[in-house]
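Examination of the molecular architecture
Below are the chains, spelled out letter by letter.
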Amino acid sequence: MAFVPERPAGTGPVPGAPATSQVAVAVPLPLPTPLTYLVPTALLPRVRAGVRVRVPVGKRRLTGIVSGPVAGEAPGELRAIEAVLDDEPVLGADLLAVGRFLHEYYLVPPGEALQALLPRALPARGTESLRPTLKAAMRRELLSGEEQALVEELLARGKARRGELLAAATDPTALAARLERLESAGFLAARNDAAPGGGRYETAVELAAGDPTELLAAAGRSRPGRAVLELLARLARPATLSEVTGEVGCGPAVVRRLSALGLIRLFQQPVRRELSHHRLSGTAGAPVRLTGEQEQALAEVGEALSARRFETFLLAGVTGSGKSEVYLRAAEATLAMGRGAVILVPEIALVPALARAVRERFGDRLALLHSAMPPAERHQEWERIRSGEAPVVVGPRSAVFAPVPDLGLLVVDEEHDESYKQDQVPRYHARDTGLIRAREAGAVALLVSATPSLESRWNAARGRFRPLALSRRIGTARLPEATVVDLRQEPVPRHPGEVVFSRVLHEELRAALETGGQAILLRNRRGYAPLLLCRACGEEFRCEACGLPRTVHRRERRLRCHYCGAASREPESCPTCGERSLEAIGSGTERVEERLQELFPEIPIGVLDRDEVRRKGGLSSILAAFERGETRILIGTQMVAKGHHFPEVSLTAVLAADSYLSFPDFRAVEKTYAQLVQLAGRAGRGQRPGRFVVQTHHPDHYAIRAALANDDDGFVREELRFRRAFHYPPYTRMIQVLLRDRQRERGHRWMAELAARLEAVRAGEPELRLTGPAPAPFERLRGEWRFQLLLRGPSSARLRDWLRSALPVPWPRGLVVDVDPCHLL
Ligand SMILES: [Zn+2]
Ligand SMILES: [Zn+2]
């Protein structure tokens, strides 16, 4: 075998390895399995699991990732790997295992699974152009005949792309090896002309291979030239051009001359960003002394950490009980052992606040990783993590793939949150994927929530997770006093679209503001109103592509489809019947703001939703204004309920707690409950006692009652009863199969055929349940018809086998397979 995944990087081939061997290479194509390639002898020392390679696929050349060895003789003639792009694996053994998990568990093509683990901006060395150095021009006689010919050709061309040279070669393997040799001997200089992803790059330099004293001798008598070489030898690392010229006090021409002599190597690297703009001003809520419960939780986690034992903890604690203090200290302990920690948060929105707290503790050892970062910055953070320079990583979902070399701790904060499930390929759940990674790395997984998911509670109850509880708020802070407002008892508004502020809520708001407090209001809908209706003819302005009503955005005078983004002008009169009888029905954040401004004209109001975040160019300015007290009321969608710590907030309220309950989705109730508990938890975190008001048409619903009464057990009991009765998780495992097709008939027929095959395969297994095909709850989106099948059964593995045996290969376009779906829309 030419590689051993668990072998430390850079230690070369296994002694006695055969001269050629076969490896599996995952290429970024929707193929069901990796492809098998031969490893040419010259490349043998560099081919390991986790390195990127250039391989021929059909008439193309693609960058793939070596995923593992292939045993035995493959049938037929194999093609060979042409070039190795990385000197060290870009994916460690634990991440390769995660890639396999994504492939096997979520039925994701292996190439797409492994590609998802790498940042897109990671430059391939094959995109570099190669130029002959002055040394090549002057000292060609040192080279072999073949090398000389190559250098002659390059001298004639000036420069050439490595990828193009390899593509044109009759023996790309030999050429790749030759190019590498010439480069490391200083005859060729590589330069990354195309900065991937449009990021900013800067010039950096390093010493050419060879003895520094010989390099010094070759530098001649130029004093600045010698100083540059001495500096680089002393640093024993690459340095940026400006760093070198600044330190030595010379111009860039000196450095370029050394490069032309082949004594140093110039290359491009992503500009190092100062990441301070990720910080958010504000107060940290960290207490100095731990409570007894915190001590206890930390001790149990610490014991598993020092035993280097994979174990999953479920830390359930009421809001404000200091859960983050526990995991931050666990991270400190992890670092003290020389290992790394990854802290996942559900949304990018939550990263800045946490990043500040983490930075206070860990300083430059912190890396942030999220998809909203410019690619070059993301790449920089990725490299810092991989090199071990930044052993603490904070980020959303995708940070579960952070290349931390020796992962010791994985924290999943707000583990119940749906945003941990990615809703495009690969459709993975970051919590579940994280458990696989932690297992492979021998790490501790710490799942944290005030309202754990039913699945995690289930696992804890069955001994798979170890439960840890924080039952009390820290210090003098108490859980807020809750009031429910039965909207059925309120006077009917004059207009159907009017925002309802019940008398109780109005009074509570007035009282909070008069005593100098702040308030947070949740309205889980953006825009002005979810529907524009013609009172005369019933026109509803549905989106042509999606069949759903468009949302009124009055500030911009537009009707916007929230599913596909299509927009049109908001008309003054009905285009269908011509009457001026259009009415906005229902309310979104924009309308709530308008109404609130009427009620409290003097009070500055902030709005937090996706539209406002875009308009204001970021979330931090909205949150910072509220934190400084410049805005007194914050209205928002679910973003306002999550994780924030504002000590002056004395009132939180939900304007319509029923908005989720009516959703045709099995998680609607759990989501409603979690959101109510979270929002209540934003109030009364400082000195002020907190109040929490819930407006609802269903005051007797168990989710609402339990949230108001802090009756967590009561909620779980009722919800489990519902899940069991209707065969939903955690009582059963699910796979959703969805087909999108522009032609309704064709789509339906295909799904009916799949259902028939599934029925045939299932024969005799009554525990495997099949529902559908049926139109999806959103039957038509973005111009496509959507049909779904639901597979349910006691074990995920059996469901996957069942589905695999019935699905044709390749899958049709528009087929979506979602294992453990978070919702069924
Ligand atoms: Zn009309
Ligand atoms: Zn649409």
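Placed above this text is the structure.
Residues numbered from 1 in each chain as written. Chains lettered and ligands numbered in written order. Predicted model: local features only at pLDDT ≥ 70, side-chain atom pairs only at ≥ 80, totals over all residues. Heavy atoms only, no water.

Moving on to the sheet that holds strand S2 (residues 35–39). Here we have five strands laid out as an open sheet, ordered S2-S1-S4-S3-S5, and antiparallel in their pairing. Two strands bound the open sheet, and with one partner strand each, they are S2 and strand S5 (83–84). Bridge count between strand S1 (residues 21–26) and S2: five bridges; the pairing is antiparallel. Along S2, the bridge assignment pairs Ala24 with Thr36. (Pairing = 2+ DSSP bridges. Helix = DSSP H or I, 4+ residues; strand = E, 2+ residues; numbered from the N terminus.)

This part covers the coordination of the zinc ion (ligand 1). For the zinc ion (ligand 1), every protein donor is listed as Cys534 (SG), Cys537 (SG), Cys574 (SG) and Cys577 (SG), and the spread of their distances is 2.2 to 2.4 Å. Seen from the zinc ion (ligand 1), its four donor atoms lie at angles of 107 to 114°, and the figure they make is tetrahedral. For Cys574, a relative accessible area of 2% corresponds to the buried category. (Donors = N, O, S within 2.8 Å, 3.2 Å for Na, K, Ca; no water. Tetrahedral: all angles 85-135°; square planar, octahedral: opposite > 155°, others 65-115°. Buried < 20%, exposed > 50% of the residue type's maximum accessible area, 1.4 Å probe, protein only.)

By the element assignment, Val761 lies in helix H24 (residues 744–762). In this structure Val761 comes out as partly exposed when scored by relative accessible area, which is 39%. Between the alpha carbons of Val761 and Ser805 there is a distance of 7.5 Å; along the sequence they are 44 residues apart. Leaving out residues up to four positions away in the same chain, Val761 has contacts with Trp802 and Ser805. (Contact = heavy atoms within 4.5 Å.)

Okay, the packing of aromatic side chains next. Using the criterion set out here, one finds twelve aromatic pairs in the structure. A ring pair is formed by Tyr105 and Tyr106, whose centres lie 4.9 Å apart and whose planes are at 80°; its orientation type is edge-to-face. Tyr106 gets classed as buried once you look at its relative accessible area, which sits at 3%. Put simply, the rings of Phe666, Phe722, Phe726 and Tyr728 touch in pairs and so form one group of aromatic residues. Over the aromatic face of Trp785 sits the side chain of Arg744, whose NZ or CZ is 4.2 Å from the ring centroid. Above the plane of the ring of Trp785 lies Arg780, whose end atom (NZ or CZ) is 4.9 Å from the centre. (Phe/Tyr/Trp six-rings, centres within 6.5 Å; stacked < 30°, edge-to-face > 60°. Lys NZ or Arg CZ within 6 Å of the ring centre and 35° of its normal.)

The subject of this paragraph is helix H15 (residues 430–441). Taking 1.5 Å of rise per residue, twelve residues should cover 16 Å, and H15 covers 16 Å from first to last C-alpha, within 8% of that figure. With respect to burial, H15 is a largely interior element, nine of its twelve residues being buried. By the burial criterion, the buried members of H15 are Ala430, Arg431, Thr433, Gly434, Leu435, Ile436, Arg437, Ala438 and Ala441. Of the residues one or two after H15, Gly442 is the one with positive phi, at around 65°. (Expected span 1.5 Å × (residues − 1).)

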